[in-house]
Amino acid sequence: MQTVQINKSWKDIFDEEHPAYSVLESDVLPKYLQQMRWFGAKSSNIKRFNIDHNEAYPLSPKESVYLVFVEIVFQTSNTETYLLPVSQTKDLEEGARPICKLEDESGNDRGFLVDAIYTIKFRNSIFKNITNSKKLKLDSGQLIFSKGKVLKGLRPDRIKSRVLNLEQSNSTIVYDDNYYLKIYRKIFRDNNPDVELTNFLSERAGFEYSPNYAGSIEWVRGEHYKVSIGLMQEKVDNQG
């Protein structure tokens, strides 16, 4: 696993003037992304990887996850953007996905940079924000958390969560074996039809033969297009 040098804080990697930023953008993130099953550009001719945005997502007054939007520029000049939430941890949780090791300039161990979806704090924070219909201010715009009717009156205090091992074009978090939250890795610009259709069938049309809409997450930035981050649905066992 690659080691990246930082100064005093792991957040140094998001300082464009710091050498760690260049290493992260040109080497560390490309290697990690291309190992993931949800990364759909493995067989494409890629010109470069750019960190398009990084937005601090607060877990507490002293702790944050960074939502990193990585732009893939192809030789044809077409682009795709992928979402990678990252955080720092001293010890790896079970099932963790480490991206790189971190150390300071003296060679002291500063833990790991990890994919935050595989951390309990981040997963539970997302669920709590959905149930509270939170509007979370970011440096650029805000995250809009919306909840569906099926979550009315639900208290998220003791929720249990896990990430499904089966990855496709997204990552799926299961909450209490009752709800599936699909986190979109490849970003769809403007309103995602998957979110719109599920919301309409469940919340407005009263359609009974598809999983109920439970919530969604959108990144909204004024005049920019909306970005769908995630869709949560009520879990329905296969009856086919």
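Scroll up for the structure.
These notes cover the structure that comes with them.

A few words now on the sheet that holds strand 6 (residues 109-115). The 6 strands are arranged 1-5-6-4-3-2 in an open sheet whose pairing can be described as mixed. Every interior strand has two partners, whereas the edge strands, strand 1 (3-6) and strand 2 (46-60), have only one. Averaged over all neighbouring strand pairs, the angle between strand axes comes to 30°, with direction disregarded. As paired elements, strand 3 (residues 63-74) and strand 4 (residues 79-89) share 8 bridges and run antiparallel to each other. Bridged to Y66 within strand 4 is V86. Each of strand 2, strand 3 and strand 4 touches helix 2 (residues 120-131); the most contacted strand, strand 2, lies at about 70° to it.

Glancing now at the pairing of strand 10 (residues 170-175). Of all the 6 residues making up strand 10, 6 are buried; the element is thus mostly covered by neighbouring parts of the structure. On strand 10, burial covers both faces: N170, T172 and V174 on one face and S171, I173 and Y175 on the other are all buried. In the sheet, strand 10 pairs with strand 11 (residues 179-184) via 6 bridges, with the strands oriented antiparallel. Bridging across to strand 11, T172 finds its partner in K182.

The subject of this paragraph is the packing of aromatic side chains. With the rule as written, the count across this model stands at 11 aromatic pairs. The interplanar angle of 25° and the centroid separation of 6.2 Å between the aromatic rings of F39 and F49 together place this pair among those described as stacked. Taken as a pair, F39 in the loop between helix 1 (19-33) and strand 2 and F49 in strand 2 lie far apart in primary sequence, 10 residues in all. The class of F39 is buried, set by a relative accessible area of 2%. On the basis of an interplanar angle of 45° and a centroid distance of 6.1 Å, the ring pair of F127 and Y179 is categorised as tilted. Placement of the pair is F127 in helix 2 and Y179 in strand 11, with a sequence separation of 52 residues. Given the relative accessible area of 0%, F127 is considered buried.

What counts and how
Residues numbered from 1 in each chain as written. Predicted model: local features only at pLDDT ≥ 70, side-chain atom pairs only at ≥ 80, totals over all residues. Heavy atoms only, no water. Pairing = 2+ DSSP bridges. Helix = DSSP H or I, 4+ residues; strand = E, 2+ residues; numbered from the N terminus. Axes fitted to C-alpha atoms, helices over the stretch in contact; angles between N-to-C directions. Contact = heavy atoms within 4.5 Å. Buried < 20%, exposed > 50% of the residue type's maximum accessible area, 1.4 Å probe, protein only. Phe/Tyr/Trp six-rings, centres within 6.5 Å; stacked < 30°, edge-to-face > 60°.

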